[in-house]
Amino acid sequence: MKKNLLLYSIAALIVAMAILITACPSSKKDGVDANAASKVYVAPGQYDEFYAFFSGGFSGQMSVYGLPSGRLFRVIPVFSVDAEKGYGFSEESKAMLNTSHGFVPWDDAHHPEYSMKGGMPDGRWIFINGNNTPRIARIDLTTFTTKEIIEIPNSGGNHSSAFGTENCEYVMAGTRFSVPIPNEDVSIEDYKQKFKGALSFIKVDPNNGKMDIAFQILMPGFDYDLSRAGKAKSHGWSFFSMYNTEQANSMLEINASQNDKDFIAAVNWKKAEEYIAQGKFKEFTSNYVHNYYDENTHTAISEKKNKVKVLIPGECPGLVYFMPSPKSPHGCDVDPTGEFIVGGGKLATVIPVFSFDKMTKAIADKKFDKEIDGIPVLNYQSVIAGEVEKPGLGPLHTEFDGNGFAYTSMFVSSEIVKWSLKDFKVVDRIPTYYSIGHLMIPGGNTVKPYGKYMVALNKITKDRYLPTGPELCQSAQLIDISGDKMKLLLDFPTIGEPHYGLAFPASLIKDKQVQYYKMENNKNPHKTVKEADTKVVREGSTVHIYMTTIRSHFKPDNIEGIKVGDEVYFHVTNLEQDWDIPHGFAVLGNNSSELLILPGETSTIKWIPKETGIYPFYCTDFCSALHQEMSGYVRVSPANSSTKLTWNK
Amino acid sequence: MIKEYRFNQIQILKSDNIHKLTEVKMIFNNALAFFKRRKQFFKLSALIAVTVAVISSCGGGSEGGEFTVIKDTKLGPINQAQAEQGKKIFAEKCASCHKYDIKLVGPPLGDVVKRRSADYILSQILYPEQMITNNDTVKALLSKYMTQMSNQHLSMLDAKAVLEHLRVVVENGGKK
């Protein structure tokens with residue numbers, strides 16, 4: 001009897017296990033490599049192989065991750081204020097967010113681009129676009145800070161940006177929304193007559209990265225979506241995808257999806273340089289602001305500008321051609337050889353692959369179907385190398401592994417297809433979870449991709465993570481592309497919406513990091529280089545407090561004689577000269593953020609006390625065993641009081 | 001009670017190697033008085049063992065044989081020009097934490113050249129991280145001051161200038 005019970009128990013257990021196994025949601029395991037864990041495991045204290053940079057989308061920032069671990073290292077404030085770092089709050093950093101519309105504390109960052117030399121990342125800078133109030137930022141890869149932001153004039157939304165040329169000659173920008181140029185008060189009904197689109201070429205100074213708008217091209221009033229520069233054989237050309245060639249101004253989801261084919265514009269920017277040199281440009285007046293961060297004063301400076309050189313395609317033959325591309329192309333991605341330009345038609349049933357050689361021949365042979373605003377439209381059959389048949393639904397964006405394969409993201413069917421550049425045949429596909437936008441292969445937009453991994457940048461996560469109320473995290477997925485079959489390795493959450501990303505080997509920049517700012521180079525006008533120089537200075541109702549920090553005290557830390565309504569500036573210099581020793585500064589009740597002062601840096605926060613009393617201030621960034629003691633007091637007296645201005649040394 | 005008493009003694013001993021001999025004497029005197037009162041002689045042997053262990057773990061006490069990064073520094077006559085430069089550097093890079101005559105964040109340095117070798121001083125200025133890991137005196141000082149000395153990234157030339165300045169300071173009676 002006992003033996004029977006045992007047998008029954010075993011049988012029941014087997015049945016239960018079988019039910020469990022079959023009942024397991026298989027979707028979550030689809031495509032996961034059996035050795036995935038070991039392939040993404042970076043042991044404690046070990047470094048990742050790649051740096052990865054993802055746009056933060058509507059967070060306005062850029063995040064830095066390690067691959068293959070998917071560990072988040074840093075969020076770099078770019079277009080949005082960041083109270084954690086005092087970015088946009090400190091007096092020194094505020095000017096970074098100035099625009100022709102005044103201080104704009106937020107933007108929508110979509111596409112990072114690295115500076116390149118010979119078509120490969122050189123580890124100097126990353127550029128990224130602000131879509132809403134058209135801007136491009138430059139981030140320095142030795143400090144991981146935003147060094148420059150330039151506003152793009154004559155633009156209604158900077159989406160097809162910030163894509164660069166293979167030697168960082170230019171960073172490009174194209175307007176997503178056409179507007180009257182110059183902007184004016186017109187009826188929206190006059191769209192077709194009055195609205196135009198501008199493509200901008202921003203020159204990058206090879207020595208210091210400083211940007212300047214070299215020229216703009218005045219295009220028909222379409223919606224310019226993405227861009228890519230030619231490379232290798234197609235160096236000197238740039239490609240811009242566009243939709244809404246119907247020129248609808250309402251209900252675009254229907255009205256801008258009528259035409260079978262929209263266009264990819266091929267722009268000969270070397271030709272543009274010739275026209276500029278010949279003076280064949282018009283100078284337009286349009287206000288824009290250019291901000292850059294001075295490394296020695298640790299201070300952002302804004303410069304107002306209002307002139308820009310504009311080329312009109314009808315007056316500049318050979319400058320721009322249109323290649324018809326099926327249904328609202330998004331991606332216009334150039335393969336490592338520079339020969340193929342791949343269109344990602346969001347609503348198309350095929351992926352068109354254009355040939356650069358065929359394009360130049362078609363131009364020479366004048367295989368034009370028609371002209372739009374003086375721009376020749378090339379014959380589709382004359383420029384197409386082939387079409388990838390039945391790729392899936394909603395092809396968006398394509399990158400390359402350097403081994404003859406292309407990978408295209410499929411938004412609608414939530415997958416990535418791998419296809420051959422030899423015969424344009426699909427060889428593999430892998431599902432993504434869910435609704436992939438862009439994808440990214442380390443170096444996947446260069447002449448020699450690093451390959452090995454691919455990251456899917458997804459819009460929706462649904463059931464992939466523990467839920468967090470109505471809003472769920474956005475997500476990236478790491479995929480192994482080293483073999484014939486793509487293998488899913490890892491899901492990891494991202495900040496904001498990761499529109500696009502970049503990655504390169506960590507060795508490119510790992511050893512070039514600035515560890516601290518040298519005090520002898522500190523040229524901030526409010527610096528205090530030694531405690532003996534700390535002081536408090538009253539100028540009418542403005543009070544300047546020249547303060548220092550070192551582990552673990554402020555000097556001065558007792559200040560009296562501040563009055564209600566005073567405009568108080570704490571100019572705090574961190575005297576430390578060592579890596580990873582920032583000090584924080586925060587004062588009770590301030591309508592602002594903290595300061596995070598890096599070693600050797602001077603930062604300033606403004607405070608207007610509104611009531612009398614004693615106000616503590618303290619260091620916010622744990623600095624030593626005596627960090628908790630790193631604090632002080634300010635005494636605030638009535639506006640008409642005679643309390644003497646005193647401080648301790 | 002006894003446990004606490006011992007701990008305090010060890011702390012004192014560890015915390016400042018400078019006056020080790022007088023401290024050791026003090027410990028023994030205190031201990032003897034304590035044990036005379038309590039007549040708990042069996043504990044004396046334990047205390048001695050602990051004390052010996054602490055002394056031996058603190059290194060030699062005098063500079064000979066202790067860990068330093070910089071070795072065999074030879075001091076000549078004081079270079080006044082260097083000392084002047086050192087005074088300026090001291091004000092900018094050191095004075096936030098060190099005074100000459102009083103304990104602040106770190107120890108007073110007015111007579112540091114009497115307590116420490118030139119190798120020790122240069123090593124502590126230039127390589128505080130290595131010293132905290134390897135030099136027993138520095139380890140003991142950390143347990144007293146609780147704040148690790150900042151690496152202010154001085155050059156060797158600057159560090160030597162600071163040393164020259166400290167040599168001048170001691171000649172002026174440890175104050176300047």
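Cut-offs and rules
- Residues numbered from 1 in each chain as written.
- Chains lettered and ligands numbered in written order.
- Predicted model: local features only at pLDDT ≥ 70, side-chain atom pairs only at ≥ 80, totals over all residues.
- Heavy atoms only, no water.
- Helix = DSSP H or I, 4+ residues; strand = E, 2+ residues; numbered from the N terminus.
- Rg over C-alpha atoms; globule rule 2.2 N^0.38 Å.
- Buried < 20%, exposed > 50% of the residue type's maximum accessible area, 1.4 Å probe, protein only.
- Contact = heavy atoms within 4.5 Å.
- Areas by Shrake-Rupley, 256 points an atom, 1.4 Å probe, with all protein chains shown as cover.
- Pairing = 2+ DSSP bridges.
- Axes fitted to C-alpha atoms, helices over the stretch in contact; angles between N-to-C directions.
- Parallel < 35°, antiparallel > 145°, perpendicular 65-115°, else oblique.
- Left-handed = near helix turned anticlockwise from the far one by under 90°.
- Nonpolar A, V, L, I, M, F, W, Y, C, P; charged D, E, K, R; others polar.

Attention shifts here to the overall build of chain A. For chain A, the count of helices and strands is seven helices and 46 strands. Here the C-alpha atoms of chain A give a radius of gyration of 28 Å, agreeing with the 26 Å that 2.2 N^0.38 yields for 649 residues. Summarising its shape, the C-alpha atoms of chain A cover approximately 100 × 85 × 45 Å along the three principal directions. Sorting the 649 residues of chain A into buried and exposed places 59% on the buried side. Across chain A, every contact between residues at least 6 apart in sequence was considered, and the portion connecting residues at least 24 apart equals 62%. Carbon together with sulfur atoms contributes 54% to the accessible area of chain A, which is approximately 26,300 Å² in total.

Attention now goes to the sheet that holds strand E35 (residues 501–505) of chain A. The strands that make up a sheet pair up through hydrogen bonds in the backbone, lying either parallel or antiparallel. Residues and elements named next belong to chain A. Spatial strand order, E3-E2-E1-E35: four strands in an open sheet with antiparallel pairing. The strands lining the two open edges of the sheet, one partner per strand, are strand E3 (71–76) and E35. Across the sheet, the axes of successive neighbouring strands diverge by a mean angle of 20°, strand direction being ignored. With five bridges joining them, strand E2 (residues 62–67) and E3 adopt antiparallel strand pairing. Counterpart to valine 64 in the pairing with E3 is arginine 74.

Another point: the packing of helix H6 (residues 118–126) of chain B against helix H9 (residues 156–171) of chain B. In a pair of packed helices, the angle between the axes and the distance between the axes together describe the arrangement. Residue and element names in this part refer to chain B. At a minimum axis separation of 10 Å, H6 and H9 run at an interaxial angle of 130°. Relative to H9, the element H6 lies oblique. Considering the relative orientation of H6 and H9, their crossing is right-handed. In this structure, H6 contributes Ala118, Ile121, Leu122, Ile125 and Leu126 to the contact, and H9 contributes Met156, Ala159, Lys160, Val162, Leu163 and Leu166. Residues that form the contact of H6 with H9 fall into these classes: ten nonpolar, no polar and one charged.

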